[in-house]
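# Remarks on the overall topology
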Amino acid sequence: MLAVLLVVSLRRTNPAEAAVSRGFMGAGTAHPPMRIIVHGGAGDSPDEPEPRQEVLDEAAETGAAESDPVDAVEAAVNVLEASDRFNAGYGGAVQSDGAVRTDAGLMTSDRETGAVASMDGVREAISAARVVMEETPHIFVAGEHAVDLADEFGVETDVDLLTPEKREEYADEDPPTAGPKAHLEWLEERFGGHDTVGAVAFHEGEVAAATSTGGRSWALAGRVGDVPQVGSGFYCTPAGGASATGAGEDIAKVTLTQRAVDKLEAGADAQTAADDAIAEFDDLTGSSAGVIVCDDEGTGAAFNSDAMQTSTATR
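In this report, we go over the structure that sits alongside the text. Every value quoted in this text rests on a predicted model; they were computed, and no experiment measured them.

Parameters and conventions
Residues numbered from 1 in each chain as written. Predicted model: local features only at pLDDT ≥ 70, side-chain atom pairs only at ≥ 80, totals over all residues. Heavy atoms only, no water. Helix = DSSP H or I, 4+ residues; strand = E, 2+ residues; numbered from the N terminus. Buried < 20%, exposed > 50% of the residue type's maximum accessible area, 1.4 Å probe, protein only. Contact = heavy atoms within 4.5 Å. Areas by Shrake-Rupley, 256 points an atom, 1.4 Å probe, with all protein chains shown as cover. Salt bridge = Lys/Arg side-chain N within 4 Å of Asp/Glu carboxyl O. Patch = residues over 30% accessible without salt bridge, like charges linked within 9 Å, V, L, I, M, F, W, Y side chains within 5 Å. Axes fitted to C-alpha atoms, helices over the stretch in contact; angles between N-to-C directions. Parallel < 35°, antiparallel > 145°, perpendicular 65-115°, else oblique. Left-handed = near helix turned anticlockwise from the far one by under 90°. Nonpolar A, V, L, I, M, F, W, Y, C, P; charged D, E, K, R; others polar.

## Quick look at the overall build of the protein chain
Each helix and strand in the protein chain was counted, giving 10 helices and 12 strands. Taken across its 315 residues, the protein chain has 60% of its residues classed as buried. For the protein chain, restricting intrachain contacts to residue pairs at least 6 apart in sequence, the fraction spanning at least 24 positions comes to 70%. Approximately 12300 Å² of the protein chain is accessible, and the part contributed by carbon and sulfur atoms is 46%.

Printed below as a string of structure tokens:
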């Protein structure tokens, strides 16, 4: 029987008030065979939260139906990458040259790691990250070489990731046509926003964490943020795993997911680890972010932005 538990919070909260509105998701049983938590990004309150929540629930259910944590997080994130309601895969953020470039990272509790960045035309970025983890001696491949690698191992490439709405929005912004300096001047008043998707799963003593994104809106072409960086956008050890979302430059500066998992290793439960990591992030940066955490006892979620929708499932 599949049990789905979800929490949606759509108001900004003080980091110290975490347990009330930031989505502690109890597991339902002491040691379920599979437990997964997914997030749809921390940021502004969405205009249509209900349809987004439906996709998140589908993602959690899809992941929970798998029998391995890596399969679970990949399957869950693939659902979110296919939906234009999230900033990952199809419908991702547009960079200054009009392209959507995807980044992703994946890690397991035995510290196997794969990451990809700055991929044009790859919707299922998390699957490309898995290729790096399982098929290469490396942990990070970027740009056209990451696209070629993904294609070689059966991940679909040459996908048009621009929605009609994003294409029109970019055209209306009087995009730059000269070099990087002109792009930097253009984005000075435009760059911002943040949203990402991610999942963390636990099954029979093994954990996997995954994060995927289209980046931040109107970023300089080729910009890469926290998502594919180990310890920033994603992190995993035998103690548990975490996936982050938010202002990527600031997340990377404080290695947010490693900070959360370090707290698990120090004995904190998943919710406390998430709460404390976001409270520290808030103090250090004054910026906004969110994090989900999963270990052998349960899940936790915290954020200091206006909203972060999550869903959990166990099977």
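## Concerning the pattern of salt bridges
The full count for this structure, using the stated rule, is 13 salt bridges. Salt-bridge contacts for Glu-173 lead to Arg-190; the nearest nitrogen and oxygen are separated by 2.7 Å. Of this pair, Glu-173 sits in the loop between helix H6 (164-172) and helix H7 (180-187) while Arg-190 sits in the loop between H7 and strand S6 (197-203), and the two are 17 residues apart along the sequence. The class for Glu-173 is partly exposed, based on a relative accessible area of 25%. For Arg-190, a relative accessible area of 28% translates into the label partly exposed. In this structure, Asp-250 engages Lys-253 in a salt bridge whose closest nitrogen and oxygen atoms are separated by 3.9 Å. Taken together, the residues span about one helical turn, with Asp-250 and Lys-253 both in helix H8 (residues 248-254) at a distance of 3 residues. Among the charged side chains, a salt-bridge network with shared partners connects Asp-71, Glu-74, Arg-130 and Glu-134.

## Here's the deal with the environment of Thr-255
Examined against the element boundaries, Thr-255 turns out to sit in the loop between H8 and helix H9 (256-265). Under the relative-accessibility criterion, Thr-255 is labelled partly exposed at 30%. Between the C-alpha atoms of Thr-255 and Phe-281, which are 26 residues apart in sequence, the distance is 9.2 Å. Here Thr-255 is in contact with Gly-231 and Ser-232, once residues within four sequence places are set aside.

## Some words on a nonpolar patch on the surface
Nonpolar side chains collect at one region of the surface, where Ile-139, Phe-140, Val-224 and Val-230 lie side by side and expose about 310 Å² of accessible area between them. By the element assignment, Val-230 lies in the loop between strand S7 (206-213) and strand S8 (234-237). The exposure class of Val-230 is partly exposed, given its relative accessible area of 36%.

## Concerning the packing of helix H2 (residues 49-64) against helix H3 (residues 69-81)
Packing of H2 against H3 leaves a shortest axis separation of 7 Å and a crossing angle of 155°. As far as their axial angle goes, H3 and H2 are roughly antiparallel. The chirality of how H2 crosses H3 is right-handed. Across the interface between the two elements, Val-55, Leu-56, Glu-58, Ala-59, Thr-62 and Gly-63 from H2 touch Ala-72, Ala-75, Ala-76, Val-79 and Leu-80 from H3. When its residues are assigned to classes, the contact of H2 with H3 shows 8 nonpolar, 2 polar and 1 charged.

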